[in-house]
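Summary of structural features
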Amino acid sequence: MGHRVEVIEDILSANDHLAAQNRERLEAAGVFSVNLMASPGAGKTSLIERTAAGLASELRLAVIDGDLATSLDADRAAAAGAQAVQINTGGQCHLDAAMVRRGLEKLDLSQVDLLLVENVGNLVCPSAFDLGTHTRVLIASVPEGDDKPYKYPGSYHSIDAVLLNKIDLLPYVAFDVKRFLHGVEVLNPSLQSFLVSCQTGEGLEAWFSWLRREVAGLRAEVVR
Amino acid sequence: MHELSFAESTLELALRHAREAGAGRVVGLHLVVGEFTPLEPTSLEFYWEQITKGTPADGSHVTVRRVAAQLTCADCGATCDARDETWVCRGCGSSRLRMTSGDECFLESIDVEGAARSSPGCPSGVLGSDEARSSPGCEARWGTESKS
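As the structure is a prediction and not an experimental result, all values here were calculated from the model.

**Considerations on the overall build of chain B**
- What chain B contains, in helices and strands, is four helices and six strands.
- In chain B, the succession of helices and strands from N to C terminus is α-β-α-β-β-β-β-β-α-α.
- Among the 148 residues that make up chain B, the fraction classed as buried is 48%.
- When the accessible surface of chain B is split by element, carbon and sulfur atoms take 50% of a total near 7,000 Å².

Below, the structure written as C-alpha cells:
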C-alpha cells in the first residue's frame with residue numbers, strides 16, 4: 001500500500017551544499033568572490049580585463065572562466081595579469097558548484113584577493129545555481145534593450161549588483177535607463193548599480209571602489 | 001538543457017527521502033516551481049524518463065505545481081501580476097513593488113510503495129547507502145550521484 005512522504009527540500013539542495021563548501025573554502029583563504037552572469041556579448045571578459053588592469057597594483061586577481069568550449073576567455077584574463085582557469089562545460093548551459101570546486105582546486109588561493117567567476121553567457125539558468133561566491137553580479141548592455149529585467153525576471157532576481165555596460169552607445173540606441181533600473185530594483189530592492197563603458201572606461205572607478213570595499217569587508221570579517 | 005541537472009538532483013533527493021522512509025519504490029513526485037524559475041516541465045519529463053530507468057523511481061509520475069509570480073506593493077499592499085510589464089502598482093500608482101512569489105523550486109512530497117528490501121549483491125539493510133552504492137548491482141537499483 002502506497003503512502004505520501006513529505007519532503008519540502010530545494011531541488012538543487014545538493015548543489016547548494018557544495019556551494020556552501022566553496023564559500024567556506026574561499027572565506028578561509030580570505031578571498032572575496034563574484035559570480036559574473038550575462039548574456040553572450042554583454043562584456044563579461046572585457047570587464048574582467050578592465051578590472052584586472054584597474055586593480056592590478058592593489059589586488060591579486062583570479063578568474064574561473066566557464067564556457068562551452070575554447071580557452072579564449074581564460075587566455076584574455078591571463079594576459080591581463082590574472083591567475084586564470086578555464087572550465088569547458090561541454091554543452092552545459094551554466095556553471096554549477098561542482099565545476100567551481102574543480103576550478104578552485106587549480107588555483108593557489110593563498111595568492112588571491114579577489115576571484116571573478118565568469119559564468120556561461122546565458123540569461124536563463126545560471127541564476128538558479130549557487131556557486132558559493134559571496135556576491136552575484138549581472139552585466140547587462142545597452143544594445144540588449146531596456147526590457148530585459150521584465151523579460152528575464154528569473155535571471156535579474158536575487159543579484160547583488162548590476163552593471164549596465166556599453167553606455168557609450170546610449171546616444172545611438174533607444175534605451176530608457178530609468179525603465180531598465182526600475183525593473184532591476186523591483187526584483188532586488190537593495191541592489192548596487194553601475195553604469196559603465198568598458199570601451200571608454202567611463203563609470204568603472206565606482207565599480208572598482210565597490211570591489212575594494214567588499215574585499216576589505218570580507219578580510220575584516222575573516223580576521224575577526 | 002539545464003533540466004537534466006534539475007532532474008538528476010530531483011532523483012537524488014527523492015531516492016534519499018524514500019530510503020529514509022524505508023520505502024521500496026517511488027511512484028510519484030510533487031514539485032513546486034515558480035513562474036520565474038527557469039524550469040520547463042516538458043523538458044524535465046523527457047530527462048526524467050531517461051535517468052530513472054533501472055532505479056526505484058522507474059515509471060514514476062512527476063507533477064509540477066507552478067506558482068504565479070506576484071509583485072506586492074510596499075506602500076498599499078496590493079498584489080500585481082508580474083506579467084503586466086509596467087511594474088507599477090495598479091492600486092496606488094507606487095513603483096515600490098517587491099517580488100513575493102514566483103521563484104519557488106522544491107520537492108514538496110513523494111508517493112512511495114513497498115518496503116525497502118535487500119537485493120542480490122547489496123549489503124542487507126543498507127540499501128541505497130554509500131556502502132550499497134559502491135556494491136555492484138545496487139547502483140542500478142538506487143542510481144548514482146549526479147555526475148556534474
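**A closer look at the interface of chain B and chain A**
- Contact with chain B, which involves 35 residues of that partner, is made by 35 residues of chain A.
- In this assembly, chain B packs against chain A so that about 3,100 Å² is buried in total across both faces, 65% of it on carbon and sulfur atoms.
- Remark: the boundary between chain B and chain A carries two salt bridges.
- A salt bridge links R16 of chain B to E9 of chain A; the shortest N-O distance between them is 2.6 Å.
- Here chain B and chain A share 13 residue pairs in polar contact (both at pLDDT 80 or more) between them.
- Elements with a minimum of two residues in the side of chain B that touches chain A: α1 (3–20), β1 (23–34), β5 (97–101) and β6 (105–115) of chain B.
- Counting residues per element, the side of chain B that touches chain A draws most heavily on β6 of chain B, which supplies nine residues.
- Taken together, the residues of the side of chain B that touches chain A sort by class into 17 nonpolar, ten polar and eight charged.

**Here's the deal with the pattern of salt bridges**
- By the definition in use, this model includes 14 salt bridges over all chains.
- Among the ionic pairs, R179 of chain A bridges to D146 of chain A, the shortest N-O distance being 2.9 Å. Here the residue R179 of chain A occupies a position in helix α7 (residues 177–187), and D146 of chain A occupies one in the loop between β6 (135–141) and α5 (148–151), the gap between them amounting to 33 residues.
- For R179 of chain A, a relative accessible area of 30% translates into the label partly exposed.
- Across the pair E20 of chain B and R16 of chain B runs a salt bridge whose closest N-O atoms are separated by 3.8 Å. Here E20 of chain B and its partner R16 of chain B are both found in helix α1, four residues apart, which amounts to about one turn of the helix.
- Salt bridges linked by common partners bring E9 of chain A together with R16 and E20 of chain B together as one network.

**Quick notes on the environment of V117 of chain A**
All names here are of chain A.
- Relative to the assigned elements, V117 resides in strand β5 (residues 114–118).
- With relative accessibility at 0%, the residue V117 sits in the buried group.
- C-alpha of V117 to C-alpha of V34: the two residues are 83 residues apart in sequence and 5.9 Å apart in space.
- Setting aside anything within four residues of it in sequence, one finds V117 in contact with V34, N35, L36, I64, L95, V100, L131 and T133.

**Focus: the sheet that holds β6 of chain B**
- The sheet built from four strands is open, its strands ordered β1(A)-β6(B)-β1(B)-β2(B) with mixed pairing. The sheet is open, and its two borders are formed by β1 (3–10) of chain A together with β2 (61–67) of chain B, each paired with just one other strand. Along the sheet, successive strands turn relative to each other by an average axial angle of 20°, direction set aside.
- Set on the sheet, α1 of chain B makes contact with β1 of chain A together with β1 and β6 of chain B; between it and β6 of chain B the angle comes to about 45°.
- Helix α2 (residues 41–52) of chain B contacts β1 and β2 of chain B of the sheet and is inclined by roughly 160° relative to β2 of chain B.

**Quick look at the packing of aromatic side chains**
All names here are of chain A.
- By the definition in use, this model includes eight aromatic pairs over all chains.
- For the ring pair F194 and W207, a centre distance of 5.9 Å and an interplane angle of 75° mean the geometry is edge-to-face. Of this pair, F194 sits in strand β8 (residues 192–195) while W207 sits in helix α8 (residues 204–223), placing them 13 residues apart in sequence. You'll find F194 and W207 in the same group, each marked buried.
- Ring geometry for W207 against W210: centres 5.8 Å apart, planes inclined by 25°, an arrangement best described as stacked. Residue W207 and its partner W210 are located together in helix α8, separated by three residues, close to a single helical turn.
- Taking the relative accessible area as the measure of exposure, W207 reaches 0% and is therefore buried.

Reading the values: the criteria
- Residues numbered from 1 in each chain as written.
- Chains lettered and ligands numbered in written order.
- Predicted model: local features only at pLDDT ≥ 70, side-chain atom pairs only at ≥ 80, totals over all residues.
- Heavy atoms only, no water.
- Helix = DSSP H or I, 4+ residues; strand = E, 2+ residues; numbered from the N terminus.
- Buried < 20%, exposed > 50% of the residue type's maximum accessible area, 1.4 Å probe, protein only.
- Areas by Shrake-Rupley, 256 points an atom, 1.4 Å probe, with all protein chains shown as cover.
- Contact = heavy atoms within 4.5 Å.
- Buried area = accessible area lost by both parts, 1.4 Å probe.
- Salt bridge = Lys/Arg side-chain N within 4 Å of Asp/Glu carboxyl O.
- Polar contact = N/O pair within 3.5 Å; in protein donor to acceptor, adjacent residues only side chain to side chain.
- Nonpolar A, V, L, I, M, F, W, Y, C, P; charged D, E, K, R; others polar.
- Pairing = 2+ DSSP bridges.
- Axes fitted to C-alpha atoms, helices over the stretch in contact; angles between N-to-C directions.
- Phe/Tyr/Trp six-rings, centres within 6.5 Å; stacked < 30°, edge-to-face > 60°.

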